[in-house]
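Breakdown of the fold
Listed below are the residues making up each chain.
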Amino acid sequence: MMDESNEIILQKSKRLTSVVWNYFERVRKADVCYAVCIQCNKKLSGSSNSGTTHLRNHLMRCLKRTNHDMSQLLTPKRRKKENPVTVATIGFDESQPKDGYIRPNKFDQEQRRGDEIVMSRGSGGGGRFSQERSQVDLARMIILHGYPLSMVDHVGFKVFARNLQPLFEPVAITTIEETCMEIYIREKQRVQHALSNLYGKINLSVEMWSSRDNASYVCLASHYIDEEWRLQRNVLNFITLDPSHTEDMLSEVIIRCLMEWSLESKLFAVTFDSFSVSDEIVLRIKDHMSQSSQVLINGQLFELRSAAHLLNAIVQDCLEAMRDVIQKIRGSVRYVKSSQSTQARFNEIAQLAGINSEKVLVLDSLASWNSTYEMLETVLEYKGAFCHLRDHDQGFDSSLTDEEWEWTRSVAGYLKLVFEIAADFSGNKCPTANELLDAYSICSAIGDDSSFSGGSGLGRGGMDVRDRLKGFDKFLHETSQNQNTTSDLDKYLSEPIFPRSGEFNILNYWKVHTPRYPVLSMMARDILGTPMSILGADSAFDSGRPVIDDSKSLLNPDIRQALFCAHDWLSTEAEAKKFNHCLDNMLKLCEANNKFKVW
């Protein structure tokens, strides 16, 4: 490769096995070979007859000035004498040469040729290694995957990082915390910008969390439908509640968060996680909202309770009423599984009783009620075997009476219905809609409306405030009032019923029909963004509150909130990039197929 000075960067031969060559480029100019230091760009003799001692001595001085580790550059004798066993000298690969030198691998060779590493979002160091960039990438990795901050102090991680890139300096926990906070602040600004430019209203969910040491937290998240009619969710705050706070302080926490994110004029409804939130808290929030903007239809839809939490509460009441019977069922399952011989005898009894069930008896988990339901369903299938065991095994003392078997069958039937509904909630992000036509018809009028100021879609009708034709639109609106026009609702109701289909997507429907039903589409956008359930698919059947892991509960409240929120934002961003990448590939494939057909 020839550069502007007629210098040729030589490809390293396999003979250049000294670790020193990881830090030099071998360049030829005319008939002279140089070794160019990649740290300071100084030229030294690079002839094969010159050896590497002078290169090593220069590099020792050069790296020492930048506080880099030099253990790999010491000769074997000096290393043995001067270096004790440290993280820098620990290796997990016993196949390394015994002289301590690290042979250049394919990664090193590619980097030396000029194919420098480019970090995840670009490097500010001209493509070469950047400690700052690597530190940011490390912080993003910790946030995105939920790794503990203490991993930067783990010996195994330090060994891995040094073997991967010897120039990488270990990072202290306090330093990585600061970097995580910087990422959090930057991502928060991005989310704030998206929310401030949102066309429609925003819904809020309030969910209580806890930890194993009984600390309490509140998680606030926004739910809305964007301009492409995609349902979006962003965690806004993860607040650590003061143990001495009273319940009425929860309303102050929620109001403060709304003000922090400037959502008072955009808020449509609030979904609470359970019925433990008192009416007084909701009333305080509603009163505060009415001071800044009018609440739709006097706040009749302002407050919602998570349907999944309601179902869980019903299930817990049901299981509590069956507590004694369920304890006996657990004792029955535990007895059968107490030994291999007892299990084998029970299986023989089941076969003699004509039971051909493939289900396996398993004890339930107290943390997930769906496991209790599955245990009851399985036990009912083996009822005949348990009754036979009761009559012929004196050691079996957990048998159920005939009446208790009937109770169990009845409760299992109800739990089956609740289980199916809860599973549907956990997998369906789009709740159903009610009709608020009058309120939205008024708000769709062209012109300023004090009830829906602050940038919401209801007030501005999707137009820029600097639109010079705004007056003309107002004229059209005023003149149309005297004409017999069909309302959106009348047009919608006159349409033939849409056939039911498993592939039907309500958001796609309103995206396509927005031009035909401008008022109804505004209403649909806000209502369909209201979460009817705020439990995730992995916690739809949990008996208690979500619990944060121990490593997070020990952190400073600000750091904890930063990691929790930034994790949600980065995960959403990663999913969006993955979706867009798949979409681009599909478009390219379609274009390729079209070109093929034309050809």
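Residues numbered from 1 in each chain as written. Predicted model: local features only at pLDDT ≥ 70, side-chain atom pairs only at ≥ 80, totals over all residues. Heavy atoms only, no water.

1. With respect to helix 12 (residues 369-381)
- Taking 1.5 Å of rise per residue, 13 residues should cover 18 Å, and helix 12 covers 19 Å from first to last C-alpha, within 8% of that figure.
- Of all 13 residues making up helix 12, ten are buried, and the element is well covered by its neighbours.
- Of all the positions in helix 12, only W369, N370, S371, T372, Y373, M375, L376, T378, V379 and L380 are classed as buried. (Helix = DSSP H or I, 4+ residues; strand = E, 2+ residues; numbered from the N terminus. Expected span 1.5 Å × (residues − 1). Buried < 20%, exposed > 50% of the residue type's maximum accessible area, 1.4 Å probe, protein only.)

2. Regarding the packing of aromatic side chains
- Throughout the structure, instances matching the rule amount to 18 aromatic pairs.
- Note on W261 and W569: the rings are 6.2 Å apart at their centroids and 75° apart in plane angle, and the pair reads as edge-to-face. Separated by 308 residues along the polypeptide, W261 in the loop between helix 7 (249-260) and strand 8 (267-272) and W569 in helix 22 (residues 557-598) bring together distant segments of the chain. Of the two residues examined, W261 and W569, each falls in the buried class.
- An aromatic cluster of three or more residues is present, and its members are Y335, F346, Y382, F386, F396 and W405.
- In this structure, K43 packs its charged tip against the face of Y34, placed 5.4 Å from the ring centre.
- The ring of W261 carries the charged tip of K188 above its face, separated from the ring centre by 5.3 Å. (Phe/Tyr/Trp six-rings, centres within 6.5 Å; stacked < 30°, edge-to-face > 60°. Lys NZ or Arg CZ within 6 Å of the ring centre and 35° of its normal.)

3. Quick look at the nonpolar core
- Residues L204, V218 and I254 are the most contacted members of the largest nonpolar core, which totals 59 residues.
- If you tally residues by element for this core, the top one is helix 22, at seven residues.
- Once you skip the residues sitting within four places of it in the chain, I254 turns out to touch L204, V206, L220, F272 and I285.
- Membership of the second largest hydrophobic core comes to 33 residues, among which are L311, I329, Y382 and L400. (Core = buried A, V, L, I, M, F, W, Y, C linked by side-chain atoms within 4.5 Å. Contact = heavy atoms within 4.5 Å.)

4. Some points on the pairing of strand 8
- Burial analysis of strand 8 places six of its six residues in the buried class, which makes it a mostly covered element.
- Of the strand pairs in this sheet, strand 5 (residues 202-210) and strand 8 are connected by four bridges, and their pairing is parallel. The residue of strand 8 that forms the bridge with I202 is L267. (Pairing = 2+ DSSP bridges.)

5. Describing helix 20 (residues 518-527)
- In terms of residue burial, helix 20 counts as a mostly covered element, since nine of its ten residues are buried.
- Residues of helix 20 that are buried include every one of V519, L520, S521, M522, M523, A524, R525, D526 and I527, and no others.

6. What to know about the environment of G51
- Take G51: it is sitting in the loop between strand 4 (43-45) and helix 1 (53-65).
- For the pair G51 and S18, spaced 33 residues apart in sequence, the C-alpha separation works out to 10.0 Å.

7. Details of the environment of N214
- By the secondary structure assignment, N214 is in the loop between strand 5 and strand 6 (216-225).
- Considering only alpha carbons, one finds N214 and P243, 29 residues apart in sequence, at a separation of 9.5 Å.

8. Observations regarding the pairing of strand 6
- Most of strand 6 is tucked away: nine of the ten residues are buried.
- In this structure, strand 5 lies alongside strand 6, joined through eight bridges in antiparallel fashion. For S205, the partnering residue across the bridge sits in strand 6 and is A221.
- Between strand 5 and strand 6, which pair antiparallel in sequence order, lie five residues; one of them, N214, sits at a positive phi of approximately 65°.
- Sheet topology note: the strand 6/strand 7 (residues 231-240) ladder contains nine bridges and is antiparallel. Across the sheet, the residue bridging to L220 is N237, located in strand 7.
- Here strand 6 folds back onto strand 7, and the loop between the two strands holds five residues, one of which, W229, carries a positive phi near 60°.

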